[in-house]
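# Working through the structure, step by step
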Amino acid sequence: MALLPITLIGDKILRRKAALVKEVDFKTVELIKDMFETMRNANGIGLAANQVGADKSIFIIDISVIEGHEEIKPIVFINPKITYRSENKVFIEEGCLSIPDIHAEVERSDAIKIDFMDTDLKAQTLEAKELLARVIQHEYDHLQGVLFTDLISDEMKKKLKRELTKIKKRDIAFNYPVTEHADYQMQL
Ligand code: ZN
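A short tour of the structure in this document, coming up. Please read these numbers as outputs of a predicted model, since none were measured by experiment. (Residues numbered from 1 in each chain as written. Predicted model: local features only at pLDDT ≥ 70, side-chain atom pairs only at ≥ 80, totals over all residues. Heavy atoms only, no water.)

Computed from the structure, the largest pocket encloses a volume of approximately 540 Å³. Lining the largest pocket we find 28 residues, and of these Gly-44, Gly-95, Cys-96, Leu-97 and His-103 sit closest to its centre. Those elements that place two or more of their residues in the lining of the largest pocket are β4 (89-94) and α2 (130-143). Considering every element that reaches the lining of the largest pocket, the biggest residue donor is α2, with six residues. Residue classes in the lining of the largest pocket are distributed as 13 nonpolar, 10 polar and five charged. (1 Å grid on protein atoms, 1.4 Å probe; cavity = no way out; pocket = protein on both sides within 12 Å on 5 of 7 lines; lining within 4 Å. Points joined across faces, edges and corners; volume = space filled by probe spheres on them. Helix = DSSP H or I, 4+ residues; strand = E, 2+ residues; numbered from the N terminus. Nonpolar A, V, L, I, M, F, W, Y, C, P; charged D, E, K, R; others polar.)

The structure is reproduced here in structure tokens:
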């Protein structure tokens, strides 16, 4: 297992729609293991493959570290597709390992339904609400090239502009390994 550098806002791969996974080979299994290690090292509860520079439609979630969610096992989502989003939407503060130390309220559906494949490439469906639905929507967006800072108010965007520029320039202290430049991509 290995810790992987995390891509930062401004990195090109974070803006690309992720490529579909056709087979879960040895390298993909290794990637997923490394993603878990990288996410936990950074105290994250979700991580998308392009956040470690891998162009694959995969994200992982582990919210069992959050009080009240201990019973929810870690989940690997391969080629996910959200098929339902509730009309009922809520504002919750979010953060992102690719946008360190920035938090802002984002409006999202309170409940969702998602189709995906597990690591055996077996089709799965999951209904999620509240925190789990929140994290899934955030990670799902990553695979479409969308970051949570795209979804905040214009006023908030203006407020955060300078901080975001600092992150892009790697002009802050990071608590975990990050990529060295905006063109970083993992060779798989
Ligand atoms: Zn994120």
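A few words now on helix α3 (residues 154-168). The largest bend along α3 reaches roughly 50° and is located at Lys-161. Residues Leu-160, Leu-164 and Ile-167 constitute the buried set of α3. Backbone geometry just downstream of α3 places Arg-170 in the positive-phi region, at approximately 60°. (Bend = angle between axes of the 7 residues up to and from the residue. Buried < 20%, exposed > 50% of the residue type's maximum accessible area, 1.4 Å probe, protein only.)

Take the coordination of the zinc ion next. Summarising the metal site, the zinc ion is bound by the protein donors Cys-96 (SG), His-138 (NE2) and His-142 (NE2), whose distances to it range over 2.0 to 2.2 Å. Each donor residue of the zinc ion belongs to the same chain, and together they define the spacing C-x41-H-x3-H. On the criterion of sequence distance, the pair formed by Cys-96 in the loop between β4 and β5 (104-109) and His-142 in helix α2 is long-range, its members being 46 residues apart. When its relative accessible area of 9% is taken as the criterion, Cys-96 is described as buried. Accessibility expressed as a relative area gives 1% for His-142, which makes it buried. (Donors = N, O, S within 2.8 Å, 3.2 Å for Na, K, Ca; no water.)

Once that is clear, we can look at the environment of Thr-83. Counting through the fold element by element, Thr-83 comes out in strand β3 (residues 75-85). For Thr-83, the contacting residues outside a window of four places in its chain are Lys-113, Ile-114 and Asp-115. (Contact = heavy atoms within 4.5 Å.)

Looking now at the packing of aromatic side chains. One pass over the full model with this rule turns up two aromatic pairs. Relative to Phe-116, the ring of Phe-77 has its centre 4.5 Å away and its plane inclined at 50°; by these criteria the two rings are tilted. Linking Phe-77 in strand β3 with Phe-116 in strand β6 (residues 111-117), this pair joins segments that are 39 residues apart in sequence. Each member of the aromatic cluster is reached from another via a ring pair, and the members are Phe-59, Phe-77 and Phe-116. (Phe/Tyr/Trp six-rings, centres within 6.5 Å; stacked < 30°, edge-to-face > 60°.)

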